[in-house]
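Here is what each chain is made of, one letter per residue.
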Amino acid sequence: MRVENLHLAGLGSYVPEPFPAARAVAEGRYDEEDWKNSGWSGAAVAGNISAPEMAVVAANEALARSGHAADDISLLLHASVGDQGPDGWSPHHYILRNTVGGSIPAMEVRQGCNGVLASMELAHGYLSGGPGRVAALVTGADNFGVARFDRWRYSSGTNTNRGSIIGDAASAVVLSNRDGFARVKAMNSASLPELEEMNRPDGPLFPPALTFDRPVDVAARMTGFTRRFPAAAAAAKRSLSDARTELALRTIAEAGIAPADIVRSTHVFSGGEGYIRSVLQPIGIDPARGMLELGRGLGHLSVSDHLVALAHLVRTLHVGPGDHVLMISNGVGVSLAAAVVEITAVPAWATGTPEAYKETV
């Protein structure tokens, strides 16, 4: 979908201090063999601050950088993967109360790792749907420091090309139909629902306590699916790769550019080159244009990988006016999302220089 008049006015993030992977190995939290094979150097660990509280910090930073007043915001969307707080409570309204306030719609988006990109697409539709809708606030946040989740081992043993460990973070973007430092030129999303079983535990779905009262074990789900349906598992990897590549190429074409025009690409963070290569090479993009060094020190930040990476690129001036960034992602479901963003100005909060930039956090 070619996009007209949708700008990124402000970006914000909350990324806590990384916990060194080597220390996690020494303390018996992280398998040494997994560490050596994966390439991760750390995972951001938030401690006792909740995901919605982190989202408030990121949102207020994005708002302060956006040039928009609170009254300009006509929609708030909050994306997440993990637990946000007490059952029966609405974290998105907490975020609204502690950011722009007022009585605008606030909604929660559950689209796995694609939550923020999906929210951007939904926000575009909302801003295009009526007069007087100037801007929208999109947030995403997760803190996986809960007893039933093991950030170091949750996907141990799965053949995902990236041996994921999970980091905590929050991110936010103010989308505007007025102005900004970047504009969205095209974005698309898609689904492969026939693959949902890869992420579903074996057994009944009801009562929910059967899944809530046990540790989250993504590895067992995926290896179990592969064991029961080996041919389907192999076909799933091919269909996911093909669908992701097609979505990216279509989005790039709708933006009116070619893969060679993509200066950098954001993606699900990885500890090694293998996953990034499998995502970007079929599109015709050099894997060196990915975000390997930034991501490997933070862990996979669930919904926040893309905005944290984009904020890093903009802040360090590694992208500037005229540069195009591809945001390409896949998540549970299976869901797919892609967007092409063109940088149009250097924002006041950029602090780096191209000469001083190094591909580190």
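Structure's up top.
Summary of the structure given here. (Residues numbered from 1 in each chain as written. Predicted model: local features only at pLDDT ≥ 70, side-chain atom pairs only at ≥ 80, totals over all residues. Heavy atoms only, no water.)

### Overview of unusual backbone geometry
Stated precisely, the cut-off is as follows: Per the convention used, a helix needs a DSSP run of H or I reaching at least four residues, while a strand needs a run of E reaching at least two, with both numbered from the N terminus. Accessible area is worked out with a 1.4 Å probe on protein chains only. A residue is then buried under 20% of its type maximum, exposed over 50%, and partly exposed in between.
With a phi angle near 60 degrees, asparagine 5 is a residue other than glycine that sits in the positive phi range. Considering the arrangement of structural elements, one finds asparagine 5 in the segment before strand 1 (7-14). On the basis of relative accessibility, which here comes to 45%, the residue asparagine 5 falls in the partly exposed class. Although it is not a glycine, leucine 317 adopts a positive phi angle of roughly 65 degrees. Along the polypeptide, leucine 317 turns up in the loop between helix 11 (305-315) and strand 10 (324-331). Given a relative accessible area of 22%, leucine 317 falls into the partly exposed group.

### Focus: the pattern of salt bridges
The condition that has to hold: Think of a salt bridge as a Lys or Arg side-chain nitrogen and an Asp or Glu carboxyl oxygen that are within 4 Å of each other.
Taken as a whole and judged by the stated rule, the model has 16 salt bridges. Measuring nitrogen to oxygen at the nearest pair gives 3.0 Å for the salt bridge that ties arginine 183 to glutamate 342. Placement of the pair is arginine 183 in strand 8 (residues 182-191) and glutamate 342 in strand 11 (residues 335-343), with a sequence separation of 159 residues. A relative accessible area of 14% means that glutamate 342 is categorised as buried. A salt bridge links arginine 250 to glutamate 246; its shortest N-O distance comes to 2.9 Å. Of this pair, arginine 250 and glutamate 246 both sit in helix 8 (residues 230-254), four residues apart, which is roughly one turn of that helix. Connected via shared salt-bridge partners are Arg23, Glu27 and Arg29.

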